[in-house]
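Summary of structural features
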Amino acid sequence: MTTTKSKPAGESTVHLAAAEAFANSATGPEWLRTLRRNGVTHFTELGFPTTKLEDWIYCNVAPITKLAFKPAAIADANVTAKQLAPFAFPGWTGSRLVFVNGHFSPALSLLPASQKGVTITNLAAALASGDKVAESQLAHHASVDGSGFSALSTAFIADGAFIALAPNAVAAEPIHLLFVSVPGDAANTAQPRNLIVAGTNSSAKIVEHYVSLGGAAHFTNAVTEIAVGEGANIEHAKFQEENLEAFHIATVQVTLARDSRFLSHSISTGARLARHNINLVMTGQGVDCVMNGLYAAGGKQLVDHHTVADHAQPHCGSHEYYHGILGGSSRGVFNGKIFVRKDAQKTDAKQTSRNLLLTDTATVNSKPQLEILADDVKCTHGATVGQLNDEALFYCRTRGIAEVNARRLLTHAFASEIVNRITVEPVREHLEQVLWARLEELIEKK
Amino acid sequence: MKQPLIEIKNLSAGINGKQILKGINLTVRPGEVHAIMGPNGSGKSTLGYVLAGRKGYDVTGGSVTYDGKDLIELSPEDRAREGLFLAFQYPVEIPGVNNTYFLRAAYNEQRKHRGQEEVDAVDFLAIVKEKMKLLELPEGMLKRSVNEGFSGGEKKRNEIFQMAVLDPKLAVLDETDSGLDIDALRIVAEGVNKLKRPDNAAIVITHYQRLLNYIVPDFVHVLWNGQIIKSGGKDLALELEEKGYDWLIGKNGK
């Protein structure tokens, strides 16, 4: 195991100085400036997490601290629409907000037709216009001190997506948020800060999509906060396909009010190191949420999912399905926490984590973590790690399908089980294309 | 007399060194339906798996000549491509694989093997719809994942549906009747009967005589302790129904 100092202050000096400089100079209302300074303070205390911390035991972020830290101040103006073509969803009719190195690019974006009660814009614009929803909700869901990364994100709050749905508003089309990193001399770090606030009985489908242009190393430190109001229904899909040198650290923090529905997907194929925190907190009764996840990794990739289903109230259901496909010498980490608080009777929580290892050198660490303080609950969890099912392979072969093709078919099927849960067809189609290509690479290289 | 489609000679086989089949002899010619009956544990399903080429089922003696070829030398997929079909006792669920997609992949692998052109999705759908009527399958079943969440009866019907599409020369039906209610049994059996032609054959492995009320066999064989201890015409099945197996087993003194 790598030995790291408990407080790698030396390694975060550069980051701290940059954060201080930004927080002191960036404009905005007083509450926002205070918030940023608060981020700086926490980052000073926390620094970057080390593998001595339980939540980071398999996720060594030291290479991030060694990467030059060049946060982008503005969107790179040289990016063309043509360069983004590979990241378009086939037959997409919805809107697309493009963020280059974390900053909104109006030129590359397709804004939706205006719709009553539906605000789809960028955070910088919302802050500049003094949006009250942004003020009352920003940083009210994700903790500033969850880790050094969330503190750093807070210190650098500037831009990202801002979506607000008034009560009963139903977004007419799904919303594509495309985060493009263009590592270069001026910038290699993007820290988008997204805020989604769904009012009572509102509904929307949102896709957060992370990509790179070029193959150089870069760092994404993203935080998305989602507040789902009473009876609201939100589908949130996150797809990370950054280049294989990238470092991707992201938190999706969701607060779920009474009787709300939340469907979460996390699909991760890219980045040298990807860490996804997905935290769902059920603050009202009758919430129903589903967390789907799929990661496909090879080479020396590390992909780490830490999820939380926090049942703070009775009569809530959370169902979690994570699949991993690991080739090369890659490592997959799944840590699924389920908290059932004292009053959360009649909780129905289910968690499954299944992993397919394509090589002897790939590893996976799958850990369910259940803390149950109520007594009348139904909680189940299961984890499997292994190879393809022999019986299914034989079945395919008895139908004339060659063994190599049967393996391919079953590996793809294992991924499809998760992808098929996404309800937006163009997104599924895009994912299938990218995933298929990636899986073929993993199967070929073994 | 027609050339045998399959000729099993003194076949011995086992799993993990445990001998299960102890010298099976069976010849099936085109146009024939053979029933293999026997109590649980007599080796019926093992015979099906050995013929289909399941890993771990090792042939330790004897030979199987299928359509002029040494069957044991062929991989499971090549056996299928040569027209051998095993309908599973417990069909396997494959979540994430669309039933139609799966079947077209199988169909095209078999066509490629025969030097025929692959069939595209549109043409294949036409073939499939034709065969679906045969088994009274709901169209929704095509869109579902292979066997996933199917009832016992649906799984068995799906097996015979696959058989109808793949059109094998020799079908081995392993306990296709088990777990079926009488309506499902009738549909499955009628499906099998409609597929019967002078140039194909079936080996029907079953525990109960009732399937043979619907699929009338030309020959009935009793398997016990890894050997065929009695062969006869369709009346043998009725006799077994009436008297059970004990009188035969007793006679063989094993």
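It should be emphasised that the depicted structure is a prediction, and the values quoted were computed from it without experimental measurement.

1. Quick notes on the overall build of chain B
The secondary structure content of chain B amounts to 9 helices and 12 strands. A globule of 254 residues ought to have a C-alpha radius of gyration of about 18 Å, and chain B, at 18 Å, matches this closely. Principal axes of the C-alpha set define a box for chain B whose edges measure 60 × 40 × 40 Å. Among the 254 residues that make up chain B, the fraction classed as buried is 54%. Computed over 34 positive and 35 negative side-chain charges, the inter-centroid distance for chain B is 2 Å.

2. Considerations on the nonpolar core
With 104 residues, the main nonpolar core has Ile-6, Ile-8, Leu-51, Phe-102, Phe-161, Leu-170 and Ile-203 of chain B as its most contacted residues. Per element, the largest residue contribution to this core is 8 residues, and it comes from helix α8 (residues 403-419) of chain A. The contacts of Leu-51 of chain B, once residues within four sequence positions are left out, are Ile-6, Ile-8, Val-64, Leu-71, Arg-79, Leu-84, Val-172 and Ile-203 of chain B. Phe-104, Val-254, Ala-271 and Ala-297 of chain A belong to the second-largest nonpolar core, a separate cluster that totals 48 residues.

3. Thoughts on the interface of chain A and chain B
On the chain B side, the residues contacting the 18 residues of chain A number 33 residues. Overall, the association of chain A and chain B removes approximately 2100 Å² of surface from exposure, summing both partners, and the carbon and sulfur fraction of that is 63%. Of all residues in chain A, Phe-394, Tyr-395 and Arg-399 of chain A give up the largest surface area on contact with chain B, accounting jointly for 38% of the area buried on that side. Run the count over chain A and chain B and you get 3 salt bridges. The salt bridge partner of Glu-159 of chain B is Arg-399 of chain A, with a shortest N-O separation of 2.7 Å. For the pair chain A and chain B, the number of links is 12 residue pairs in polar contact (both at pLDDT 80 or more). Across the side of chain A that touches chain B, the residue classes break down as 9 nonpolar, 4 polar and 5 charged.

4. Concerning the packing of aromatic side chains
Within the structure shown, the criterion is met by 18 aromatic pairs over all chains. Ring centres of Phe-43 of chain A and Phe-48 of chain A lie 5.3 Å apart, and the angle between their planes is 80°; on these two criteria the pair is classed as edge-to-face. What makes Phe-43 of chain A buried here is its relative accessible area of 1%. Ring centres 6.3 Å apart and planes at 65° place the aromatic pair Tyr-49 of chain B and Phe-88 of chain B in the edge-to-face group. With a gap of 39 residues between them, Tyr-49 of chain B in helix α1 (residues 44-52) and Phe-88 of chain B in the loop between β6 (84-87) and β7 (94-98) connect regions that are remote in the sequence. Phe-88 of chain B matches Tyr-49 of chain B in its accessibility class, with the two residues each being buried. Pairwise contacts between aromatic rings join Phe-394 and Tyr-395 of chain A together with Tyr-49, Tyr-57, Phe-88 and Phe-102 of chain B into one cluster. Directly above the ring of Tyr-49 of chain B sits Arg-54 of chain B, whose terminal nitrogen or CZ lies 4.8 Å from the centroid. One Lys or Arg, Lys-243 of chain B, reaches over the ring of Trp-247 of chain B and ends 4.2 Å from the middle of that ring.

5. Regarding the pairing of strand β11 (residues 247-256) of chain A
Residue and element names in this part refer to chain A. A large share of β11 lies buried, amounting to 9 of its 10 residues. Taken together, the 10 bridges between strand β9 (residues 219-228) and β11 define a ladder with parallel strand orientation. Opposite Asn-221, over in β11, you have Ile-249 as the bridge partner. Sheet topology places β11 next to strand β13 (residues 273-282); 10 bridges connect them, and they run parallel. Counterpart to Leu-256 in the pairing with β13 is Met-282.

6. Section: the confidence of the model for chain B
Counting all residues, the mean pLDDT for chain B is 92, and 98% of those residues have values of 70 or more. Predicted complex metrics record ipTM = 0.95 and pTM = 0.88.

7. Some remarks on the state of the cysteines
All names here are of chain A. Counted by the stated rule, this structure contains 0 disulfides over all chains. Cys-316 forms no disulfide, and the closest cysteine sulfur to it belongs to Cys-289, at a distance of 7.4 Å. Cys-316 gets classed as buried once you look at its relative accessible area, which sits at 2%.

8. A few points about the environment of Gln-369 of chain A
Residues and elements named next belong to chain A. Counting through the fold element by element, Gln-369 comes out in strand β19 (residues 363-372). A residue is classified by how much of its surface remains accessible, and Gln-369, at 18% relative accessible area, is buried. Sequence separation between Gln-369 and Thr-307 is 62 residues, and the spatial gap between their C-alpha atoms is 9.9 Å. With residues near it in sequence (within four places) discarded, Gln-369 still touches Glu-54, Asn-335, Gly-336, Lys-337 and Ile-338.

9. Here's the deal with helix α7 (residues 182-195) of chain B
All names here are of chain B. Over its 14 residues, α7 extends 20 Å from the first C-alpha to the last, a length consistent with the 20 Å expected when each residue adds 1.5 Å. Looking at the buried side of α7, the elements it contacts are α4 (121-134), α6 (152-166) and β9 (170-174). Among the residues of α7, the N-terminal cap falls to Asp-181, whose side-chain oxygen and the backbone nitrogen of Asp-183 are separated by 3.0 Å.

About the cut-offs
- Residues numbered from 1 in each chain as written.
- Chains lettered and ligands numbered in written order.
- Predicted model: local features only at pLDDT ≥ 70, side-chain atom pairs only at ≥ 80, totals over all residues.
- Heavy atoms only, no water.
- Helix = DSSP H or I, 4+ residues; strand = E, 2+ residues; numbered from the N terminus.
- Rg over C-alpha atoms; globule rule 2.2 N^0.38 Å.
- Buried < 20%, exposed > 50% of the residue type's maximum accessible area, 1.4 Å probe, protein only.
- Lys, Arg positive; Asp, Glu negative; His and termini not counted.
- Charge placed at Lys NZ, Arg CZ, Asp CG, Glu CD.
- Core = buried A, V, L, I, M, F, W, Y, C linked by side-chain atoms within 4.5 Å.
- Contact = heavy atoms within 4.5 Å.
- Buried area = accessible area lost by both parts, 1.4 Å probe.
- Salt bridge = Lys/Arg side-chain N within 4 Å of Asp/Glu carboxyl O.
- Polar contact = N/O pair within 3.5 Å; in protein donor to acceptor, adjacent residues only side chain to side chain.
- Nonpolar A, V, L, I, M, F, W, Y, C, P; charged D, E, K, R; others polar.
- Phe/Tyr/Trp six-rings, centres within 6.5 Å; stacked < 30°, edge-to-face > 60°.
- Lys NZ or Arg CZ within 6 Å of the ring centre and 35° of its normal.
- Pairing = 2+ DSSP bridges.
- pLDDT = per-residue confidence, 0-100.
- Disulfide = S-S within 2.5 Å.
- Expected span 1.5 Å × (residues − 1).

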